[in-house]
Amino acid sequence: MDKKKIIIIVILLLIIVGLIWVILSSIVNYETIEITSNGTTIDVPANQTQFCGQVSGVKIWNWDKGILVTYNTHEDSAIKVGQLSFNVIKELIDKAPIQEVDGFRCHVINADELLQISIFDVVKLNYNGKLYCISTSNQTSQDNVIICCNNKDIAVHMAKSLVYKNVYPNDTNSSNININLDPKNMNLNIDSNNINLDINSSTVNSKIDTISDEIRSKIPIKI
């Protein structure tokens, strides 16, 4: 066999090996995790997704080039600190440009812009390029989910894999505190202590506004 044929064969083998490596490296393995205990589940990249913790009522997971953020109304306090924190993240993402991917609205945002929100201080993301973010929720289970990943196909797979399950069917509020508004007064009923308080609505609204401002001041956004 002459040298030219040997060189051609070697080149073909290298091309085949390269193609196999590209195919294998592009295959993503997933594992299923619970975002609420014994409740809603989602697929995440296997052997690389870690739970960062719960910050201000919001749960955060991340992997090398992506973030998963979840919030459940039933798991939040009566003041809804988690809802305020989650909404700050969602509002930033909703302002980003949109790409339609397989029926999902993906907001495209730079990772460094998203990570400016202080709630992500617990996240170690080895990536500073574009992220494809999908925001979705379920009214029955009260699960709110934000998926951000550098790979839009992974983001879409994760969104499609969501299986919602309501584990709080009889709960209207996790803290057992019911707040009802009428035009003149707010009635605060604390069932566990059988205490009823009538509070002037202007006083309550002022207090809520103060709490909201304090929370937002701790979650700065630079746009």
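Refer to the structure presented above.
These numbers come from a predicted model, not from an experiment.

Trainee: Before we go on, may I ask you to explain the environment of L84 in this structure?
Mentor: Following the sequence through the fold, L84 ends up in helix α2 (residues 81-94). With relative accessibility at 17%, the residue L84 sits in the buried group. Each C-alpha atom of the pair L84 and V58 lies 9.7 Å from the other, and the pair is 26 residues apart in sequence.

Trainee: Honestly, empty space enclosed by the protein in this entry has me stumped. Any pointers?
Mentor: Rolled over the atoms, a probe as big as a water molecule pinpoints where empty space is left. Going through the model one piece at a time under the given rule, you end up with one cavity of 30 Å³ or more. The space that makes up the largest cavity amounts to roughly 50 Å³. The biggest single contributor to the lining of the largest cavity is strand β5 (residues 66-72), with three residues. Of the residues in the lining of the largest cavity, the class split is two nonpolar, four polar and three charged.

Trainee: When you look at the pairing of strand β1 (residues 30-34) in this model, what are you seeing that I'm missing?
Mentor: Inspection of the sheet shows β1 paired to strand β2 (residues 41-45) by five bridges, in the antiparallel sense. Residue pairing for β2: Y30 is matched across the bridge by P45. The hairpin formed by β1 and β2 contains six residues between the paired strands, and N38 there has a positive phi angle of roughly 60°.

Trainee: How should the layout of surface pockets be read in this particular structure?
Mentor: In this structure, the second largest pocket occupies an estimated 190 Å³ of space. Around the second largest pocket, the lining comprises 15 residues; the ones closest to its centre are Y71, F86, S137, D143 and N144. When its residues are assigned to classes, the lining of the second largest pocket shows three nonpolar, 10 polar and two charged.

What counts as what
Residues numbered from 1 in each chain as written. Predicted model: local features only at pLDDT ≥ 70, side-chain atom pairs only at ≥ 80, totals over all residues. Heavy atoms only, no water. Helix = DSSP H or I, 4+ residues; strand = E, 2+ residues; numbered from the N terminus. Buried < 20%, exposed > 50% of the residue type's maximum accessible area, 1.4 Å probe, protein only. 1 Å grid on protein atoms, 1.4 Å probe; cavity = no way out; pocket = protein on both sides within 12 Å on 5 of 7 lines; lining within 4 Å. Points joined across faces, edges and corners; volume = space filled by probe spheres on them. Nonpolar A, V, L, I, M, F, W, Y, C, P; charged D, E, K, R; others polar. Pairing = 2+ DSSP bridges.

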